[in-house]
Structure formats: C-alpha cells, structure tokens
Amino acid sequence: ENRNIRQLQRGEAVLTLGEALECQKEWAELEEAEERISGAYLYVYPPGIPVVIPGEKITGRLCRQIALWAAEGRELHGLDEKGRIPVIRCGYAKP
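Engineer: Please set out the sheet that holds strand β2 (residues 42-45) residue by residue, giving values where relevant.
Structural biologist: Within the open sheet, the three strands sit side by side as β3-β2-β4. Their pairing is antiparallel. Of all strands in the sheet, those bounded by a partner on one side alone are β3 (49-52) and β4 (75-77). Across the sheet, the axes of successive neighbouring strands diverge by a mean angle of 35°, strand direction being ignored. With three bridges joining them, β2 and β3 adopt antiparallel strand pairing. For V44, the partnering residue across the bridge sits in β3 and is I49. Where helix α4 (residues 60-71) meets the sheet, it contacts β2, β3 and β4, and its direction lies at approximately 130° from that of β3.

Engineer: Can you lay out the environment of E75 for me, pointing to particular residues and giving the numbers?
Structural biologist: Note on placement: E75 falls in strand β4. For the pair E75 and G48, spaced 27 residues apart in sequence, the C-alpha to C-alpha distance is 9.1 Å. Beyond its immediate sequence surroundings of up to four residues, E75 is in contact with Y43, V44 and Y45.

The rules we used
- Residues numbered from 1 in each chain as written.
- Predicted model: local features only at pLDDT ≥ 70, side-chain atom pairs only at ≥ 80, totals over all residues.
- Heavy atoms only, no water.
- Pairing = 2+ DSSP bridges.
- Helix = DSSP H or I, 4+ residues; strand = E, 2+ residues; numbered from the N terminus.
- Axes fitted to C-alpha atoms, helices over the stretch in contact; angles between N-to-C directions.
- Contact = heavy atoms within 4.5 Å.

None of the figures reported here should be taken as evidence of function without further support.
Here is the structure:
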C-alpha cells in the first residue's frame, strides 16, 4: 500500500523552503495545480510521509496520485475541505 508513495518521484525544487513559505499563496484545484509551485506541505496518512514540500513544482502525475488517494479515502493533510492545494500565487516567484 505504501509502495506507491515511496516510488513517487519528487517535483523539482523551484524555490527554497524559506522562500516558498514567505510567498503569497492561493488555493488551486488539483487539475489546475499541475506545473504550479507548492505553497505548503501535503502529507498522506498512513504512513504520514510528506508527498509535497513547499517550493516544489507539482507534476501531473502527482496530481493524479493525490486524486486517487482522495478517492480511496486516504487522509490527506494539506488540502482544504474542497480538495484544493495551496500553490504560490501567479506572478510571485520570490517573496
């Protein structure tokens, strides 16, 4: 069950963690988050491993996997109640 989490390739780090945490953010639907930069951590439980780290580019593969976990009823910490993910606001590459 946790095999697909370990095999999931991390997105490219576009900003440092500190830069990403200081940037302005907005909520994006998963379908709209592809190629955007993550603005927060996203954890999947179990096992409680971060699958998205602030500053990483969000890939299409990752968006599809997050949607699959949500459909399976997995606990996803970092999404809002509508299933949206926090991303760096367009036009804001640095704080």
